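# Analysis of the macromolecular model
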Amino acid sequence: MLDDLHALVEFAQAGSIAGAADRLFRTPSAITRQLQRLEAALGAELLDRSVKPPRLNSLGSKVLEQARDLLQRTEALKSVASRDAEPHGLLRIGLAHALAEGTLIEPIRALTEKYPKVRLRLLSALTGELFNRMLAGELDVAVVFLPEGKTAPSPLLTNIIASDRMEIVQSAAGNIDGEWESLSRAPWVLNPSGCLLRASLIDQMERAGFTPMVAAEIHYNIHLQLALIQSGYGVGLLPSRFIARKNCRDTVEVLRPPSFDLRLSVAIARIGQLGALERAVELLEHGIRHLFEAANTTKPVTRSRRGVPANRRKSQSRK
C-alpha cells in the first residue's frame, strides 16, 4: 500500500496521471492501476472522474493528508534503522561503576559534538545490573569490565576494546613489602562486595594461601580510595592508568607480589545492531580505546627500596 500512497501523493503534486507517471518513471496505465488498487483497499473512491483530467474528491484530499504524514513517518523509521543515516535519536549508555570516572567525559563530549542530533542518557551501575537492563530493553550499550577471555552473557554481543591493568599500592611512606603474607596483615581499602576487581584480587590471594583484611569498603569512589591510601590508612587496588595520570610518583608505592597479574578487559556490550546510532557507538568505542591506549604508555612507579624514609627518597631524587 505504501507504493500506492506514494502514487497518490505524486498524482496530487503533478495534477494529472501523466504527470505522476513522469515523476515516478512509470506508464500512465501503471499509475491508474495503483490508484484503483488504493481505492479498492480503502473501499472508497478518491478521484472525481466526472471532470477531465480527474482530480481528488473531498475524501481523496483527506486521504492525501494522511498519506503524506505516513510516508514521512516511514522515511523517518527507515533512517532509524539505516547505518548510512546521520546518527540521531536517544542513545542509552550504561557505565560500570569501576569505569565511571571523569576522563570518560572526553569520548562522551566528542560524540555529542560530532553528532549533535544524538541525545545521551547515562546510567552507572554494577555490571550484572547493566546486563539485565540491556536484556530488558532499557539500555542500548554498556561499557563494562570483564575478566580476560570472558564475554557478556548470551544473547548480548561483546566487543573488547581495551585492557586495564590493576596495581596494588600503598602510601610512599608505607612499610608493607611486596609479599602476599605481608599484604594479608595489612588493612585494605577496596570496593564493596560484588565488585569484579575485588573478587579477582581475593581469588589470587586465596590461591596463594592468604585472605585480605578489609578495613574500608568505599563504594566505587576511586578518588577517596586514593586519598585513604596516600594517608597511610591501608593498601588498595587502583588502575595503573589512574596512578600515572594523577602524578602519584611521590605519594604512592606500587607493590607486586609474586605471580600477581590482574588485568581486565574493557568491553562494549550490546543487545544487537543499532541502525543510525551505530556510528555514534563506534565513535564512543574509539574514544574509550584511545583513553586506555594513551594511559598504558605511562608506567606507574614501582619502589623496591625498603626501609628508606620518604623524606630521604625525595631528597635523593633531587640530586
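A quick note: this is a predicted structure, and the numbers were derived from the prediction, not measured. (Residues numbered from 1 in each chain as written. Predicted model: local features only at pLDDT ≥ 70, side-chain atom pairs only at ≥ 80, totals over all residues. Heavy atoms only, no water.)

## Focus on the overall build of the protein chain
Our working definition: In this text, helices come from DSSP runs of H or I with a minimum length of four residues, and strands from runs of E with a minimum of two, each type numbered from the N-terminal end. Any residue under 20% of the maximum accessible area for its type is buried, any over 50% is exposed, and the rest in between are partly exposed; the area is computed with a 1.4 Å probe on protein chains only. Note on contacts: a residue pair is in contact if any heavy atoms of the two residues lie within 4.5 Å. Only the protein chains shown count as cover for residues, and all accessible areas are computed by the Shrake-Rupley method using a 1.4 Å probe.
Counting secondary structure elements, the protein chain contains 12 helices and 11 strands. Burial statistics for the protein chain: of 319 residues in total, 45% are counted as buried. A separation of at least 24 residues holds for 73% of the contacts in the protein chain among residues at least 6 apart in sequence. If you sum the accessible surface of the protein chain, you get close to 16600 Å²; carbon and sulfur atoms cover 51% of it.

## Considering the pairing of strand S11 (residues 262-270)
Put simply, the rule is: Here, strands pair whenever DSSP counts at least two bridges between them.
Taking burial as the measure, the 9 residues of S11 include 8 buried ones, the bulk of the element. In this structure, strand S5 (residues 141-147) lies alongside S11, joined through 7 bridges in antiparallel fashion. Bridging from a neighbouring strand, Val-141 pairs with Arg-270 of S11. Here strand S6 (residues 157-171) pairs with S11 via 9 bridges, running antiparallel. Across the sheet, Ala-162 pairs through a bridge with Val-266, a residue of S11.

## Regarding the nonpolar core
Put simply, the rule reads: Each nonpolar core is a collection of buried residues, namely Ala, Val, Leu, Ile, Met, Phe, Trp, Tyr and Cys, held together in the definition by side-chain atoms within 4.5 Å.
Counting 57 residues, the largest nonpolar core has Leu-91, Ile-168, Leu-201, Leu-237, Val-266 and Ile-288 as the members making the most contacts within it. Looking at this core element by element, the count peaks at 7 residues for helix H11 (residues 278-296). If near-sequence neighbours (up to four positions away) are discounted, Val-266 is found in contact with Leu-99, Val-143, Val-144, Phe-145, Asn-159, Ile-160, Ile-161, Ala-162, Asp-164, Ile-288 and Phe-292. In this structure, Leu-5, Phe-11, Leu-47 and Val-63 belong to the second largest nonpolar core, which totals 19 residues.

## Side note on the pattern of salt bridges
Spelled out, the test is: Put simply, a salt bridge is a Lys or Arg side-chain nitrogen that is within 4 Å of an Asp or Glu carboxyl oxygen.
Taken as a whole, this structure holds 16 salt bridges when the rule is applied. Here Glu-181 ties to Arg-185 by a salt bridge, and the two come within 3.6 Å at their closest N and O atoms. Separated by 4 residues within a single helix, Glu-181 and Arg-185 lie in helix H7 (residues 180-185), roughly one turn from each other. Between Glu-217 and Arg-198 there is a salt bridge whose closest N-O contact spans 2.6 Å.

## Side note on the packing of helix H1 (residues 2-14) against helix H2 (residues 17-24)
Keep this limit in mind: Axes here refer to lines fitted to C-alpha atoms; in helices the fit is confined to the stretch in contact. Angles between the N-to-C directions go from 0 to 180 degrees. Definitions for this section: a left-handed crossing has its near helix turned counterclockwise from the far helix by less than a right angle. A right-handed crossing has that turn clockwise. Polarity classes work like this: nonpolar for Ala, Val, Leu, Ile, Met, Phe, Trp, Tyr, Cys and Pro, charged for Asp, Glu, Lys and Arg, and polar for all others, with Gly in that last group.
Packing of H1 against H2 brings their axes to within 8 Å, and their N-to-C directions diverge by 120°. Seen from above, H1 lies across H2 with right-handed handedness. Where H1 approaches H2, its residues His-6, Ala-7, Glu-10, Phe-11, Gln-13 and Ala-14 are matched on the opposing element by Ile-17, Gly-19, Ala-20, Arg-23 and Leu-24. Here the residues of the contact of H1 with H2 sort into 6 nonpolar, 3 polar and 2 charged.

## A word on the side chain of Glu-39
Mapped onto the secondary structure, Glu-39 falls in helix H3 (residues 28-42). On the accessibility criterion, Glu-39 (10% relative accessible area) is buried. Those residues in contact with Glu-39 that lie beyond four places of it in its chain are Ala-44, Glu-45, Leu-46, Leu-47 and Arg-49.

## Section: unusual backbone geometry
Put simply, Lys-52 and Pro-53 share a cis peptide bond, and its omega is -5°. Across the junction of Ser-154 and Pro-155, the peptide omega takes the value 10°, indicating a cis bond. Examined against the element boundaries, Pro-155 turns out to sit in the loop between S5 and S6. One non-glycine residue, Phe-25, lies in positive phi territory at about 55°. Looking at the element boundaries, Phe-25 is found in the loop between H2 and H3. Backbone geometry at Ser-259 places phi at a positive 65°, although glycine is not the residue there. Exposure remark for Ser-259: the relative accessible area of 73% places this residue in the exposed category.

In short, the description is geometric, and any link to function would need to be established separately.
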